[in-house]
Amino acid sequence: MRQVQNPQLQFGQTDITEIKFDPKSRDDVPQLLKGLQYIYITPEVREQVFTILEESIVGKTNPRLGRPGMELWKILVMGVLRINLNCDYDRLHELVNQHRTIRAMLGHGVNWEDLTEYHLQTIKDNVSLLTPEILDKINTVVVETGHKLLKKNEEASLEGRCDSFVVETAVHYPTDISLLWDAMRKVINQLADMGENYHLSDWRQHRHNLKSLKKCFNQARQSNQSKAKNADDKKRETHINYLNKAQWFIDKAELTLDKLKAIAAPIWLLRNIANNLSHAKRQVSQIHRRVVEDEKVPADEKVYSIFQPHTEWVSKGKAGVPVELGIKVCVMECQHGFILHHRVMEKEQDVDVAIVMIRATKAKFPELNQCSFDKGFHSPENQLKLAEELNRVVLPKKGRLSKKETERENDEAFKKARKQHSAVESAINALEVHGLDRCPDSGINGFRRYVSFAVLARNIQKLGALLYKQEKEEQYRQAKRIRKKAA
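The rules behind these values
Residues numbered from 1 in each chain as written. Predicted model: local features only at pLDDT ≥ 70, side-chain atom pairs only at ≥ 80, totals over all residues. Heavy atoms only, no water. Helix = DSSP H or I, 4+ residues; strand = E, 2+ residues; numbered from the N terminus. Expected span 1.5 Å × (residues − 1). Buried < 20%, exposed > 50% of the residue type's maximum accessible area, 1.4 Å probe, protein only. Arc of directions from axis to C-beta. Contact = heavy atoms within 4.5 Å. Pairing = 2+ DSSP bridges. pLDDT = per-residue confidence, 0-100. Lys, Arg positive; Asp, Glu negative; His and termini not counted. Salt bridge = Lys/Arg side-chain N within 4 Å of Asp/Glu carboxyl O.

When glycine is set aside, most residues are seen to have a negative phi, and most peptide bonds are trans. In this structure, Ala264 takes a positive phi of about 60 degrees despite not being glycine. Topologically, Ala264 is positioned in the loop between helix H10 (231-262) and helix H11 (267-292). Its identity is not glycine, yet Lys347 carries a phi of approximately 55 degrees, on the positive side. Take Lys347: it is sitting in the loop between strand S4 (339-345) and helix H12 (350-364).

Now the structure itself:
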């Protein structure tokens, strides 16, 4: 049976409430662990977080059956550490096995010999259990906790700042010929492995087949860079040779696939191979249209990675960054620096998510009554609908302003909010520095989980930094009182 946290301390185990941090440390690990400790030692916060974890995972299992898995508190600590430190699983594996303070936060003793070790694959399998929905609920609890620490009146209004940025996916720069090579390489290797397991001799020369296809791919790639007089003819010739070779392997792969179906090979493997074959056929068609028929392939027909098919070609017009390969993420930050809500903008633009972001944020934090945007979120419809949701909408209009719009944008409150809107870039930069610049996880579900983890980890670190600040202020006040008494 999996538990959130074992309520019974084991012999030699460190009590999380007793962990001490260096107050002079400027590293981000103590801030993150300080925030996690506050969540754990504050009864009402711990109860809310543990209830979310229990209802989401533990509640789906029979408590009387099964062996105990990794405790959910440990999974949460490992997940936010990985994202906040912008590290891979190998470094996380080293930290949870060797870092004394982190092991204490996981509940292991530091003064006694505790030989508990975590295996790399165990960490990977368990961290992926927490879904974006679970993490978003916990994030709401963390933000509310931060607001209470700031002694914010529950009826006091929240002022939001909304903006979007691109989180890159782990892909190489896509060209149609390189994507064809990726697809064919996977198909040939998969069929070679399947043939060896099921005693089929179709792909016994798969290494030679890959070398011959790679040779055609390199010739086509080099012809794209040629500046000779007959460069166009050479380019057409090399690309046709590459397409013919690839098509021959595709036809052969389909015959092998039929044989594997006849002998009842695993369906999931057959689907995987068929999926890669469909990628290869699409690339063959697009290369033929572009090179042979001299046709421009529409952007909505293109795929920019066969391994991360959710990747989008994003051009935000930034200086020095003509294009980014990933997905846009929209974040809503409050005036206190906490991220209230986020949205993965799959095939969406800024103008499409303005209303959705406000309504989703207000469902969690009804006290939100003002929000600022940049011009990318503007549309006449958004202006009207946002005015129904908020007391003050700080959304500048594109193009020429009417007299009424000029008066609205020259209002002192509007101009003040516009000046403060750029602070959201600081929150975005903090997210990128702490792991959200590039997503290493696979699939759209992994991408969503990674973004949710990053937002939660950033808010927990913000909570820890706030606790450090309050402790320093209290120490300063105490020292001031002592000096005053001594005088």
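Picking up where we left off.
Turning our eyes to something else, we now look at helix H9 (residues 206-225). Helix length check: H9 (20 residues) gives 29 Å between terminal C-alpha atoms against 28 Å at 1.5 Å per residue, within 8%. Buried within H9 are the following residues: His206, Asn209, Leu210, Ser212, Leu213, Cys216, Phe217, Ala220 and Ser223. For H9, the angular spread of the buried residues around the axis is 165 degrees, confining them to a single face. Among the exposed residues of H9, those pointing more than 90 degrees away from its buried face are Arg207, His208, Lys211, Lys215, Gln222 and Gln225. Buried positions along H9 lie against helix H8 (176-197) and H10.

As a further point, take the pairing of S4. Burial analysis of S4 places six of its seven residues in the buried class, which makes it a mostly covered element. Between the antiparallel neighbours strand S3 (residues 324-334) and S4 lie four residues, among them Gly337 with a positive phi of about 95 degrees.

Attention now goes to the confidence of the model for the protein. Residues at a pLDDT of 70 or more form 93% of the protein, whose mean pLDDT is 88. When the elements of the protein are averaged for pLDDT, helix H14 (residues 403-409) gives the smallest value, 86, and S4 the largest, 95.

So, about the side chain of Arg449. Residue position: Arg449 is located in helix H17 (residues 443-486). At 4.3 Å, Asp441 is the nearest oppositely charged side chain to Arg449, a buried residue that forms no salt bridge. Non-local contacts of Arg449, meaning those with residues more than four positions away in its chain, are made with Val127, Ser128, Leu130, Pro132, Leu135 and Asp441.

Attention shifts here to the environment of Glu237. Relative to the helices and strands, Glu237 resides in helix H10. The sequence separation of Glu237 and Val291 amounts to 54 residues, and the corresponding C-alpha distance is 9.6 Å.

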